[in-house]
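A structural walkthrough
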Amino acid sequence: GSYGAVETRGGSILQFVGEDGKQIALADFAVVDPNRDEATLTRAKATWFVKGPSHSTYSLAEVQAGFEANPTIRIRTQNTTDAKHKEILSREASVERLKDAVLVVEGANLIRNEYGHKTFADFFFFITGFHGFHVCTGILINIIIFFNVLLGTYDRRGSYEMVEKGGLYWHFVDLVWVFVFTFFYLV
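So, here is what we can say about the structure in this document. These numbers come from a predicted model, not from an experiment. (Residues numbered from 1 in each chain as written. Predicted model: local features only at pLDDT ≥ 70, side-chain atom pairs only at ≥ 80, totals over all residues. Heavy atoms only, no water.)

Looking at the pairing of strand 2 (residues 13–17)
Our working rule: Throughout this description, buried means an accessible area under 20% of the type-specific maximum (1.4 Å probe, protein chains only), exposed means over 50%, and partly exposed covers the range between. Helix numbering and strand numbering both begin at the N terminus, where a helix is a DSSP run of H or I of at least 4 residues and a strand a DSSP run of E of at least 2. Two strands qualify as a pair provided that DSSP identifies no fewer than 2 bridges between them.
In terms of residue burial, strand 2 counts as a mostly covered element, since five of its five residues are buried. Burial along strand 2 is two-sided: I13, Q15 and V17 facing one way and L14 and F16 facing the other are all buried. Counting the residues between successive antiparallel strands, the hairpin from strand 1 (residues 5–8) to strand 2 contains four residues, one of them, G11, with a positive phi of roughly 95°. One ladder, built from three bridges, connects strand 2 with strand 3 (residues 74–80); its direction is antiparallel. Across the sheet, residue Q15 finds its bridge partner in strand 3, namely R76.

Here it is as C-alpha cells:
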C-alpha cells in the first residue's frame, strides 16, 4: 500500500485526508518514536513467520501522535454520501473516531485491506488467482500442442482440430482478462 490506514474495533477502515480531501500517506504525518526497538522487527530475530497481524511501518501510537500534531488532517470513512463520495468527517468527529483504532493497516492481503472492506481483497485475489490458474493451464496446453506439431501428430491424424480447440481455449482466457482488467484494476 502506498498510503496506509487504521482499522477500528468494528473492522472499519479509516483513511487520512488533508484539507483538499486528497488522501495522505502515513509517512507524511506519523511521528516516529526514536525509542522504538527496530531490532525486534528483523528477519534475523525470526519474527517474519510468527502468526498474528503483519508488522506495519508505524505503530498506532505514532499515527495518533502525528494526527494530533497536524490539525488539518481529517478522517475519511468507507461510508458513502449521497453524491457517491466517501464520507469525510469533521476534525472533532475524526478525533473521536480515531479513539476506536486498534491496528495500522498497510497494503492489501486476505486478512486486511487498507482500501476498504476485506471482502474486496478476497474477491480480487480469488478472481485474479482463478484467472492465473487458467492462464497456466493454457500455457501447458500450448506447449503440448507445440510438441505435437513438431512430432507430426496432427499430420498423421489428418486433422488439426486439437490446435483449433487449444486456440479457442487460449483466446477465451484472453477475452476474460479484458473483463478482469477492466472491472478489477481500472474500476
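Picking up where we left off.
Thoughts on the pairing of strand 1
Residue alternation in strand 1 divides its side chains into two sets, A5 and E7 and V6 and T8, and both sets are buried. Two elements, strand 1 and strand 5 (residues 101–105), share four bridges in a ladder whose sense is antiparallel. Looking at strand 5, one finds that V6 is bridged to V104. Of the strand pairs in this sheet, strand 1 and strand 2 are connected by two bridges, and their pairing is antiparallel. By the bridge assignment for strand 2, E7 is matched with I13.

Note that every value here comes from positions in space, so none of it alone points to a role or purpose.
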